[in-house]
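# A closer look at the structure
Here's the letter readout for the chains.
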Amino acid sequence: MAARSLRCFGTVLSASRPGSLCFRGSPCVFSTAAQQRSTGDECGPEDPRDEPKHPLSDCALEHKAIKLEEQVRDLTERYRKALADSENVRRRTQKFVEDAKLFGIQSFCRDLVEVADILEKTAESAAEEAEPSNPNPTLKKIYEGLSLLEAKLQSVFAKHGLQKMNPVGGKYDPYDHEIVCHVPAEGMQPGTIALVTQDGYKLHGRTIRHALVGVAVESQE
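Residues numbered from 1 in each chain as written. Predicted model: local features only at pLDDT ≥ 70, side-chain atom pairs only at ≥ 80, totals over all residues. Heavy atoms only, no water.

Quick look at the nonpolar core now. Grouped together as the largest cluster of nonpolar side chains are 14 residues, with contacts concentrated most on Phe-157, Leu-162, Tyr-201, Leu-203 and Ile-208. The set of elements that each furnish at least two residues to this core consists of helix H4 (106-129), helix H5 (137-159) and strand E6 (201-203). The leading source of residues in this core is H4, at six residues. With residues up to four places along the chain from it excluded, the contact list for Tyr-201 reads Val-113, Ala-116, Gln-154, Phe-157, Leu-162, Gln-163, Lys-164, Met-165, Arg-206, Thr-207, Ile-208 and Arg-209. (Core = buried A, V, L, I, M, F, W, Y, C linked by side-chain atoms within 4.5 Å. Buried < 20%, exposed > 50% of the residue type's maximum accessible area, 1.4 Å probe, protein only. Helix = DSSP H or I, 4+ residues; strand = E, 2+ residues; numbered from the N terminus. Contact = heavy atoms within 4.5 Å.)

We now examine the side chain of His-177. Mapped onto the fold, His-177 is located in strand E4 (residues 177-184). The buried category is assigned to His-177, whose relative accessible area is 8%. Setting aside chain neighbours within four positions, we find His-177 in contact with Met-165, Pro-167, Lys-171, Tyr-172, Ile-193, His-210, Ala-211 and Val-213.

One pass over the structure, following the stated rule, counts one aromatic pair. Where Phe-157 meets Tyr-201, the ring centres are 6.0 Å apart and the plane angle is 90°; that geometry is what we call edge-to-face. Placement of the pair is Phe-157 in helix H5 and Tyr-201 in strand E6, with a sequence separation of 44 residues. Residue Tyr-201 is classed as buried on the basis of its relative accessible area, which comes to 0%. (Phe/Tyr/Trp six-rings, centres within 6.5 Å; stacked < 30°, edge-to-face > 60°.)

A few words on the sheet that holds strand E8 (residues 211-217). Sheet architecture is open: three strands sit in the order E4-E8-E5, paired in mixed fashion. Edge positions in the sheet fall to E4 and strand E5 (193-198), since each has one partner strand and no second. Between one strand axis and the next, the sheet turns by 30° as a mean value, whatever way the strands run. Relative to E8, E4 runs parallel, the two sharing seven bridges. Note on E8: the bridge partner recorded for Glu-178 is Leu-212. (Pairing = 2+ DSSP bridges. Axes fitted to C-alpha atoms, helices over the stretch in contact; angles between N-to-C directions.)

Taken in spatial order, the three strands of this open sheet run E3-E6-E7, and their pairing is antiparallel. Only two strands of the sheet have a single partner each, and these edge strands are strand E3 (162-164) and strand E7 (206-209). Looking at each pair of strands side by side, their axes are set apart by 35° on average, direction ignored. Alignment of E3 against E6, held across three bridges, turns out to be antiparallel. Within the sheet, the bridge partner assigned to Leu-162 lies in E6 and is Leu-203.

A few words now on the environment of Cys-109. Within the secondary structure, Cys-109 is located in helix H4. By relative accessible area, which is 5% here, Cys-109 ends up buried. Along the sequence, Cys-109 and Leu-203 sit 94 residues apart, while their C-alpha atoms lie 8.2 Å from each other. Discounting chain neighbours no more than four positions away, the residues touching Cys-109 are Leu-162, Leu-203 and Ile-208.

Our focus in this paragraph is H5. It helps to recall that an α-helix has 3.6 residues per turn; residues three or four apart then point in one direction. Between the first and last C-alpha of H5 there are 33 Å, a value that for 23 residues agrees with the 33 Å anticipated at 1.5 Å per step. If you check which residues of H5 are buried, you get Leu-146, Glu-150, Leu-153 and Phe-157. Summarising the contacts, the buried residues of H5 are in contact with H4, E3 and E6. Among the residues trailing H5, Gly-161 stands out with phi positive, at a value near 85°. (Expected span 1.5 Å × (residues − 1).)

In short, the description is geometric, and any link to function would need to be established separately.
Right, here's the structure in full:
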């Protein structure tokens, strides 16, 4: 009896599908884990790469192209302005360096022209003393030496761009001259410079000391 029951149980097992344990006439009791995983994979979400792509419309592409062109124009304009600004800065810097080279000795020249004034007055005084009526040879040599020294000093001034003004007979210019007196216009046009009480100087065309002048005016009777 027992042997017959075992043979029947074996027949049932062989009739069932591989991978599951089922009895004839009854539903499947369980399934393997591999089949469950396989079933889960088949029921999973679809691959997003398989989703259809929607290309941009012609209107959207045209609008995007217009925006890009505007950005290019804006960046180009900014670049041109930056380039112009940098060029202006370069020119101003170069001008500043050149002016520093030319006018760096301006204060020194102002002090030096005062020495030239003293030398000129001393030479004039020596010239008055060294007249032909005065036979003193020492005064004559002093005058000649002062004259040579004054000429050499003016030559050095000119070499470095420092020049004395000669405004007598010219028009009054407030940027170069300072009026200290008025004189009758005898044979001169009113408004012209008749005399100079102190020489003025320019350094490379820039006035560093105004000339003290007397201007001719019409005489009032």
